[in-house]
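Okay, here's what each chain looks like letter by letter:
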Amino acid sequence: MKEKTCCFFGHRTINETEELKSKLIEVIEKLIVEKKVDTFLFGSKSRFNSLCLELVTEIKEKCPHIKRIYVRAEYPCINEQYTNYLLESYEDTYYPEHIIDSGRAAYVERNYEMIDKSQFCIVYYDESNAPTARKSGTKIALDYAIKKGKNIISV
């Protein structure tokens, strides 16, 4: 899966501008056309993820072959109703079994999973927007992606 896969991670709150949206569309389309990326992994709990899902969904109208996959950090087992709800926005969803019993670290572990499964990472990290009382989950993910030698695209 890794060669043609891209994940997204970023802050819960972002400075959402038309410039940011345009940059994201340009980057995503370039990955699809030039690098043949066909799978996009999404997490949750951040406006950046939501924005990227909206944009990939728009692009999917022109590129119907691309897949959107929601990697859950909660609910290892989900019922058919919730599965169907998720499949209205994604082509697939899964819960990485190794994060069961991760507790508060589940989101960090889920991000690691997405990074491990991706060749490209599109990141929204703003030092001035990072929390000061605790370590930023986005910073933890970014450091991990750098350590793993991923292709990082910062927006």
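For the structure given in this document, a descriptive report is provided here. Computed from a prediction, not measured in an experiment: that's the story for all the values here.

**Looking at the nonpolar core**
Counting 27 residues, the largest nonpolar core has Phe-8, Leu-24, Ile-28, Phe-40, Phe-42, Phe-48 and Ile-122 as its most contacted members. Where this core is concerned, the elements lending two or more residues are strand S1 (5-10), helix H1 (18-34), strand S2 (39-42), helix H2 (47-60) and strand S5 (120-124). The greatest single-element share of this core, amounting to 7 residues, is contributed by H2. Residues in contact with Ile-122, not counting those within four places in the same chain, are Cys-6, Cys-7, Phe-8, Phe-9, Leu-24, Val-27, Ile-28, Leu-31, Phe-48, Ile-153 and Val-155.

**Some details on the pattern of salt bridges**
Applying the stated rule across the entire model yields 10 salt bridges. Two residues, Glu-16 and Lys-21, come together in a salt bridge whose shortest N-O distance is 3.8 Å. Looking at Glu-16, the relative accessible area reads 32%, which means it is partly exposed. By sharing partners, the salt bridges in this structure join Glu-16, Glu-18, Lys-21, Arg-47 and Glu-54 into a single network.

**Overview of the packing of helix H4 (residues 106-116) against helix H5 (residues 137-147)**
Relative orientation of the contacting elements H4 and H5 amounts to 35 degrees, with a least axis distance of 10 Å. The hand of the H4/H5 crossing is right-handed. Across the interface between the two elements, Val-108, Asn-111, Tyr-112, Ile-115 and Asp-116 from H4 touch Gly-137, Ile-140, Ala-141, Tyr-144 and Ala-145 from H5. Classifying every residue of the contact of H4 with H5 by side-chain character gives 7 nonpolar, 2 polar and 1 charged.

**Considering H5**
Side chains that are three or four residues apart share a direction in an α-helix, a result of its 3.6 residues per turn. Those residues of H5 not exposed but buried are Thr-138, Ala-141, Leu-142, Tyr-144 and Ala-145. In an axial view of H5, the angular spread of the buried residues amounts to 165 degrees, which keeps them on one side of the axis. With respect to the buried face of H5, the exposed residues turned more than 90 degrees away are Ile-146 and Lys-147. Buried residues along H5 sit in contact with S1, H4, S5 and strand S6 (151-154). Two to three positions downstream of the cap, the backbone nitrogen of Thr-138 sits 3.2 Å from a side-chain oxygen, assigning the N-cap of H5 to Ser-136.

**Focus on unusual backbone geometry**
Positive phi, normally seen in glycine, also occurs at Tyr-75, with a value near 60 degrees. As for its position among the elements, Tyr-75 is in the loop between strand S3 (67-71) and helix H3 (80-86). Of note in this structure, Asp-101 is not a glycine but carries a positive phi near 70 degrees. You can see Asp-101 is positioned in the loop between strand S4 (92-94) and H4. A relative accessible area of 78% means that Asp-101 is categorised as exposed.

**Some details on the side chain of Lys-150**
Following the sequence through the fold, Lys-150 ends up in the loop between H5 and S6. Within the buried core, Lys-150 has no salt-bridge partner, and the shortest N-O distance to an opposite charge, that of Asp-116, equals 5.5 Å. Polar contacts involving the side chain of Lys-150 include one to the main-chain carbonyl oxygen of Ile-115, which spans 3.3 Å.

**A short note on the packing of H1 against H2**
Running from N to C, H1 and H2 cross one another at 55 degrees; their axes reach a closest spacing of 10 Å. Looking at the two axes, H1 sits oblique to H2. Considering only the axes of H1 and H2, their crossing is right-handed. Contacts from Leu-20, Lys-21, Leu-24, Ile-25, Ile-28, Glu-29 and Ile-32 in H1 reach Phe-48, Leu-51, Cys-52, Leu-55, Val-56 and Ile-59 in H2.

Rules behind the numbers
- Residues numbered from 1 in each chain as written.
- Predicted model: local features only at pLDDT ≥ 70, side-chain atom pairs only at ≥ 80, totals over all residues.
- Heavy atoms only, no water.
- Core = buried A, V, L, I, M, F, W, Y, C linked by side-chain atoms within 4.5 Å.
- Buried < 20%, exposed > 50% of the residue type's maximum accessible area, 1.4 Å probe, protein only.
- Helix = DSSP H or I, 4+ residues; strand = E, 2+ residues; numbered from the N terminus.
- Contact = heavy atoms within 4.5 Å.
- Salt bridge = Lys/Arg side-chain N within 4 Å of Asp/Glu carboxyl O.
- Axes fitted to C-alpha atoms, helices over the stretch in contact; angles between N-to-C directions.
- Left-handed = near helix turned anticlockwise from the far one by under 90°.
- Nonpolar A, V, L, I, M, F, W, Y, C, P; charged D, E, K, R; others polar.
- Arc of directions from axis to C-beta.
- Polar contact = N/O pair within 3.5 Å; in protein donor to acceptor, adjacent residues only side chain to side chain.
- Lys, Arg positive; Asp, Glu negative; His and termini not counted.
- Parallel < 35°, antiparallel > 145°, perpendicular 65-115°, else oblique.

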